[in-house]
Amino acid sequence: MAEETPRMRTVQQSEDRFLASDVFESARHTLPPPNGTGSIREDAREVDIYHTCDVAVIGGGPAGCAAAWAAAKAGADVTLVERYNCLGGLSTGGLVTWIDRMTDWQGNHVIQGFAREFIERMPPEAVAGPPRSDWGSQDPIKAGYWGQRTSAFHGIVQWAPTLDPERMKLNAQEMLLEAGVRIVFHAWAARPVVEDGTAKGVVFESKMGRHALMAKVVVDTTGDGDMFARAGAAFDTDIEEGDVHHSMNTGWVLGGVDMNRWINWKVLYPEQLRELMTRGREALGFFQTPYVSWRPDIALFLGPRQSGLSALDVDDMTEVEIRSHRLMEGHCRFFRENAPGFENAYSLQSASQLGVRHTRRLAGIGRIERKDWGEGKAAPDEVGISPSVSPKFPVVSVPYGSLVPRALDGLMAAGRHVSCDANSHGFMREIPQCWLTGHAAGVGAAVAANRGVQPRAIDVDEVRAILRQQGAHLTEDAKVAAARTEAVPAE
């Protein structure tokens, strides 16, 4: 396949991460580097205003969908701009159909609001996951069964279902339309409109040309912080080398498989599984074993995970796509010839979106940090609660300040680029956490627009009240009030 043999390292399960994974490192490119030199001058021009609204949400992934829905439900006039032809981002176009944990280690449903309504609106046949009665169960049989189906970790059953991507696309679309959101597909936001340190809207490109969308508040849910970075807001890019969250891949699915047979075989014959994986790495270089999907006859591949390449570099992104499409066919052939349950496998679909885990993280007025995991305290400005990475830690309180830039006004951020340290990003980037932060940012943006104030100046208690009305799960107000008192320095 490639002249270079990639270097592989295995990330082991630990208290800070609950999935083991192979990460392949290879920075060599298939294509030669570009030969461009110098520069050209682009002529200045007038840009027509396409639309004016209260809240402009840029990016229709999990965070963007939640933000647009929540802002509209809170009374704002909302427009969502999405560069692809569907909503859902990596959960649909990226085929990341496994939705990570929404329960704590006791089985309590802590990520609710938009997330809960979204899943409850899905048809039953489009959702594969443990029944509510099993959430939090430590029964070895149940945990063993669901552990092979990405819904049990550290021996505890979790609410972490796998969903049908096509039904997710339709579900998100209908939820937003019912809420009154204007959706603009096939439009790429190119840059923010900033005046005197305040975001006033965005300029986007489409088949119609270049247009402006003006808004009282812009919510950046691009996943990469494209809007806040181009507006000049501060951000962080450091990574935790031992984790997988800075790697990339293109997902794909194989049809015609028997995942129950595959699971039984790999559980009963672990030595044969190890031998299969060794042969796969030798044959293909990069190698990945499958996950279950929403159907037992479809296998999900979320890899191989490739590091040493940047999702902000077009040549690196192209390289991952070239490798991944080759690997899809190579894996299909290898598994069909060697793996039980894959005798009739065929290539069904590759993701239309690149699987990016990390690029930029907002430098916000608040931050989620590893040092606070063990405290179990509510943030003084809490707007959400996330499960922790292992039973050793209590739930993690998400502060409103993690969504607000330190200096830039008129803009909020939600999704995988919220303000947090590299360790916390490992779970704050997941789809449920993106729903959580998107929901909070959408309400915050609506309150700011409705009140005619900047997002940093809103009353967090008003945001929390609306979040509760919209079904979000939050710490009791008295505990949050006590946290505020503790946070105020003594005179």
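Look up a bit, the structure's there.
Residues numbered from 1 in each chain as written. Predicted model: local features only at pLDDT ≥ 70, side-chain atom pairs only at ≥ 80, totals over all residues. Heavy atoms only, no water.

Visitor: Sorry, what's going on with the overall build of the protein chain here?
Guide: When helices and strands are tallied, the protein chain shows 12 helices and 24 strands. Radius of gyration (C-alpha) of the protein chain: 22 Å, near the 23 Å computed for a compact globule of 491 residues. The principal-axis extent of the C-alpha atoms belonging to the protein chain is close to 65 × 60 × 45 Å. Total accessible area on the protein chain is roughly 20,400 Å²; 49% of this is exposed by carbon and sulfur atoms. Distance between charge centroids for the protein chain: 2 Å, based on 51 positive and 63 negative side chains. (Helix = DSSP H or I, 4+ residues; strand = E, 2+ residues; numbered from the N terminus. Rg over C-alpha atoms; globule rule 2.2 N^0.38 Å. Areas by Shrake-Rupley, 256 points an atom, 1.4 Å probe, with all protein chains shown as cover. Lys, Arg positive; Asp, Glu negative; His and termini not counted. Charge placed at Lys NZ, Arg CZ, Asp CG, Glu CD.)

Visitor: Honestly, the packing of aromatic side chains in this entry has me stumped. Any pointers?
Guide: Each aromatic ring pair is specified by the distance between its two centres and by the angle formed by the two planes. Enumeration over the complete set of coordinates arrives at 20 aromatic pairs. Ring centres of Trp 252 and Phe 301 lie 5.4 Å apart, and the angle between their planes is 20°; on these two criteria the pair is classed as stacked. Here Phe 301 lies in strand E17 (residues 298–301) and Trp 252 lies in strand E15 (residues 252–255), a separation of 49 residues in the sequence. The class of Trp 252 is buried, set by a relative accessible area of 1%. Take Phe 301: its relative accessible area is 0%, and that puts it in the buried class. Between Phe 301 and Phe 335 the ring centres are 5.4 Å apart and the planes differ by 80°, which places this aromatic pair in the edge-to-face class. Of this pair, Phe 301 sits in strand E17 while Phe 335 sits in helix H8 (residues 314–338), placing them 34 residues apart in sequence. Residue Phe 301 shares its accessibility class with Phe 335, and that shared class is buried. In textbook terms, an aromatic cluster arises when at least three aromatic residues are bridged by ring pairs, as seen for Trp 252, Trp 262, Trp 265, Phe 287, Phe 301, Phe 334, Phe 335 and Phe 342. (Phe/Tyr/Trp six-rings, centres within 6.5 Å; stacked < 30°, edge-to-face > 60°. Buried < 20%, exposed > 50% of the residue type's maximum accessible area, 1.4 Å probe, protein only.)

Visitor: I would appreciate a short explanation of the nonpolar core in the present structure.
Guide: Across soluble globular proteins, nonpolar side chains have a tendency to be buried as a group. Grouped together as the largest cluster of nonpolar side chains are 74 residues, with contacts concentrated most on Val 55, Val 78, Phe 118, Leu 176, Val 181 and Trp 435. Ranked by the residues each element gives to this core, the list is headed by helix H10 (residues 431–451), at 12 residues. With sequence-adjacent residues up to four places away left out, Val 78 is seen in contact with Val 55, Val 57, Ala 68, Ala 71, Ala 72, Gly 180, Val 181 and Arg 182. With 25 residues, the next largest nonpolar core counts Trp 262, Leu 273, Cys 332 and Phe 335 among its residues. (Core = buried A, V, L, I, M, F, W, Y, C linked by side-chain atoms within 4.5 Å. Contact = heavy atoms within 4.5 Å.)

Visitor: Please clarify how the sheet that holds E17 should be interpreted in this entry.
Guide: Sheet strands pair by backbone hydrogen bonding; their relative direction is either parallel or antiparallel. Pairing in this open sheet of 4 strands is antiparallel, and the strands run E16-E17-E15-E19 from one edge to the other. On the outer flanks of this sheet lie strand E16 (291–292) and strand E19 (346–350), each paired with one strand and no other. In terms of strand pairing, E15 meets E17 through 4 bridges, oriented antiparallel. By the bridge assignment, Trp 252 is partnered in E17 with Phe 301. (Pairing = 2+ DSSP bridges.)

Visitor: So what exactly am I meant to see when it comes to empty space enclosed by the protein here?
Guide: It is the rolling of a water-molecule-sized probe over the atoms that shows where space remains empty. Evaluation of the coordinates by the stated rule reveals 2 cavities of 30 Å³ or more. The calculated volume of the largest cavity comes to roughly 100 Å³. Lining the largest cavity are 15 residues; nearest its centre among them are Gln 112, Leu 436, His 439, Ala 472 and His 473. Breaking the lining of the largest cavity down by element, the ones donating at least two residues are helix H2 (114–120), strand E22 (382–386) and H10. For the lining of the largest cavity, a count of residues per class yields 10 nonpolar, 5 polar and no charged. Looking at the second largest cavity, its volume works out to about 40 Å³. Every residue lining the second largest cavity is listed: Pro 62, Cys 65, Gly 88, Ser 91, Thr 92, Phe 118, Met 168, Ala 172 and Trp 435. (1 Å grid on protein atoms, 1.4 Å probe; cavity = no way out; pocket = protein on both sides within 12 Å on 5 of 7 lines; lining within 4 Å. Points joined across faces, edges and corners; volume = space filled by probe spheres on them. Nonpolar A, V, L, I, M, F, W, Y, C, P; charged D, E, K, R; others polar.)

Visitor: Which parts of the structure should I look at to understand the side chain of Asp 104?
Guide: Mapped onto the elements of the fold, Asp 104 is located in the loop between strand E4 (78–81) and H2. There is no salt bridge for the buried Asp 104, and the closest opposite charge comes from Arg 101, which lies 8.9 Å off by N-O distance. Among the polar contacts made by the side chain of Asp 104, one reaches the main-chain amide nitrogen of Asn 108 at a distance of 2.8 Å. (Salt bridge = Lys/Arg side-chain N within 4 Å of Asp/Glu carboxyl O. Polar contact = N/O pair within 3.5 Å; in protein donor to acceptor, adjacent residues only side chain to side chain.)

Visitor: Mind showing me how you'd approach the pattern of salt bridges here?
Guide: Pairing of side chains with opposite charge becomes possible as their charged atoms draw close. Applying the stated criterion across every chain yields a total of 30 salt bridges. Across the salt bridge formed by Asp 236 and Arg 367, the nearest N and O atoms sit 3.8 Å from each other. Placement of the pair is Asp 236 in strand E13 (residues 235–236) and Arg 367 in the loop between strand E21 (361–362) and E22, with a sequence separation of 131 residues. Asp 238 is paired through a salt bridge with Arg 361; the nearest N and O atoms lie 2.8 Å apart. On the criterion of sequence distance, the pair formed by Asp 238 in the loop between E13 and strand E14 (248–249) and Arg 361 in strand E21 is long-range, its members being 123 residues apart. When salt bridges with common partners are traced through the structure, they connect Asp 236, Arg 367, Glu 369, Lys 371 and Asp 372 into a single cluster.

Visitor: How do you make sense of the environment of Val 23 when you look at a structure like this?
Guide: With respect to the helices and strands, the residue Val 23 is situated in strand E2 (residues 21–25). Taking the relative accessible area as the measure of exposure, Val 23 reaches 0% and is therefore buried. When the C-alpha atoms of Val 23 and Phe 287 are compared, they prove to be 9.4 Å apart, with 264 residues separating the residues in sequence.

Visitor: What is the right way to read the side chain of Arg 416 from this model?
Guide: With respect to the element layout, Arg 416 can be found in the loop between strand E24 (411–413) and helix H9 (422–428). Engagement of the side chain of Arg 416 in a polar contact is seen with the side chain of Asp 224, the distance being 2.8 Å.

Visitor: What am I meant to see in the pairing of strand E10 (residues 188–195) here?
Guide: Taken residue by residue, a regular strand's side chains alternate between the two faces of the sheet. Pairing of E10 with strand E11 (residues 198–206), which is carried by 7 bridges, proceeds in the antiparallel orientation. Looking at the pairing, Pro 192 lines up with Val 202 of E11.

Visitor: Please explain the packing of helix H1 (residues 62–73) against H10 as it appears in this structure.
Guide: Packed helices, taken two at a time, are described by the angle between their axes plus the distance between the axes. One way to put it is that H1 packs onto H10 with a least axis distance of 7 Å and a crossing angle of 35°. The two elements H1 and H10 cross, and the hand of that crossing is right-handed. Where H1 approaches H10, its residues Pro 62, Ala 63, Ala 66, Ala 67, Trp 69, Ala 70 and Ala 71 are matched on the opposing element by Ile 431, Cys 434, Trp 435, Gly 438, His 439, Gly 442, Val 443 and Ala 446. When its residues are assigned to classes, the contact of H1 with H10 shows 12 nonpolar, 3 polar and no charged. (Axes fitted to C-alpha atoms, helices over the stretch in contact; angles between N-to-C directions. Left-handed = near helix turned anticlockwise from the far one by under 90°.)

Visitor: Help me understand the environment of Ile 466 in this model?
Guide: One can find Ile 466 in helix H11 (residues 460–469). For Ile 466, a relative accessible area of 15% gives the class buried. Spatially, the C-alpha atoms of Ile 466 and Gly 444 are 9.3 Å apart, while their sequence positions differ by 22 residues. Beyond its immediate chain neighbours, meaning those up to four positions away, Ile 466 contacts Ala 74, Val 443 and Val 447.

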